[in-house]
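Analysis of the macromolecular model
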Amino acid sequence: MDIPRRPGETVMPPDPLPAPSSAPLAATPTGGDEAGSTAAPAAVEEVLTLRISLGEEVVGEVRTRFRFDTERPYEVLLTFHLGRPDEADWVFSRELLRDGLRSLSGQGDVKLWPAYCPCHGSTLHLALDSPHGSALLEASRPMVQAWLDRTYALVSEEAERSHGPTDAQLSELLAGGR
């Protein structure tokens, strides 16, 4: 159906993210057939709506996909759909997100901390800085915590350690990559 438009009016592209729902999204389970498989999902995804401030006066909402992949259990991927064809991806450690739900966490480009807002209740603040700009985002702390809990149900903190480089490997890399 064509909607009448005024001359010069721009049309926003359709939103590629599914509408938020109360049910979390999970990737297709690995192994077996989709209908009868009892294997754990390879990823945990959920789309949450975050409040965003890009400056003193610009406040709005941005739909954000939280993604955790069991192949890279030490990291989380947040994809911000900005209403344009491009999306903004941020990758940071799952530990940083976990710690940010409890207290101030992070430095440099990513900082997280819990807060309480009379209008929105228990929240998680995310401050992001890049060469392209900065943003302050606010998410529902209980919803982020529930999503994070599902990631730890798939890959525990102890099991996560076996996926990453050892301290010796990191030291070698930082010393010159020999």
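For the coordinates displayed, the defined rule picks out one aromatic pair. For the pair Phe66 and Trp147, a centre-to-centre distance of 5.5 Å together with 65° between the ring planes defines the contact as edge-to-face. Taken as a pair, Phe66 in strand β3 (residues 59-69) and Trp147 in helix α2 (residues 141-154) lie far apart in primary sequence, 81 residues in all. Of the two residues examined, Phe66 and Trp147, each falls in the buried class. Cation over ring: Arg94 sits above Tyr152, and NZ or CZ is 3.8 Å from the ring centre.

So, about the pairing of strand β4 (residues 75-81). Taken across its seven residues, β4 has six buried, putting it largely inside the fold. Relative to β4, β3 is paired through five bridges, and the arrangement is antiparallel. Opposite Phe66, over in β4, you have Leu78 as the bridge partner. Linking two consecutive strands that pair antiparallel, namely β3 and β4, is a turn of five residues. Pairing geometry for β4 and strand β5 (residues 87-93), over seven bridges, is antiparallel. Looking at the pairing, Val76 lines up with Phe92 of β5. Counting the residues that bridge the hairpin from β4 to β5 gives five residues, and of these Gly83 lies at a positive phi of roughly 80°.

Take the nonpolar core next. Ranked by internal contacts, the top residues of the largest apolar core, which has 28 residues, are Leu50, Phe92, Leu97 and Leu137. Each residue touching Leu137, except ones within four places of it in the same chain, is listed here: Leu50, Arg51, Ile52, Val62, Phe80, Leu124, His125, Leu126 and Leu128.

All right, on to the confidence of the model for the protein chain then. Chain-level pLDDT for the protein chain is 76 on average; 66% of the residues reach the 70-or-more range. The element-level mean pLDDT for the protein chain is lowest in strand β1 (residues 25-26), coming to 38, with α2 highest at 95. For the stretch residues 1-34, pLDDT sits under 50, and the model shows 45 contacts to residues farther than four places along the chain or on other chains.

Mapping Pro131 onto the fold places it in the loop between β8 (121-130) and β9 (133-140). Sequence separation between Pro131 and Asp109 is 22 residues; the distance between their C-alpha atoms is 9.7 Å.

Let's shift gears to the environment of Leu101. With respect to the helices, strands and loops of the structure, Leu101 is situated in the loop between α1 (94-100) and β6 (105-107). Its relative accessible area of 1% is what places Leu101 among the buried residues. Residues Leu101 and His125, 24 residues apart in the sequence, show an inter-C-alpha distance of 8.8 Å. With near-sequence residues (within four places) excluded, Leu101 lies in contact with Pro114, Leu124, Arg141, Val144, Gln145 and Leu148.

All right, on to the side chain of Thr79 then. Inspection of the secondary structure assignment puts Thr79 in strand β4. Reaching out from Thr79, the side chain makes a polar contact with the side chain of Asp89 at a distance of 2.7 Å.

Calculation criteria
- Residues numbered from 1 in each chain as written.
- Predicted model: local features only at pLDDT ≥ 70, side-chain atom pairs only at ≥ 80, totals over all residues.
- Heavy atoms only, no water.
- Phe/Tyr/Trp six-rings, centres within 6.5 Å; stacked < 30°, edge-to-face > 60°.
- Helix = DSSP H or I, 4+ residues; strand = E, 2+ residues; numbered from the N terminus.
- Buried < 20%, exposed > 50% of the residue type's maximum accessible area, 1.4 Å probe, protein only.
- Lys NZ or Arg CZ within 6 Å of the ring centre and 35° of its normal.
- Pairing = 2+ DSSP bridges.
- Core = buried A, V, L, I, M, F, W, Y, C linked by side-chain atoms within 4.5 Å.
- Contact = heavy atoms within 4.5 Å.
- pLDDT = per-residue confidence, 0-100.
- Polar contact = N/O pair within 3.5 Å; in protein donor to acceptor, adjacent residues only side chain to side chain.

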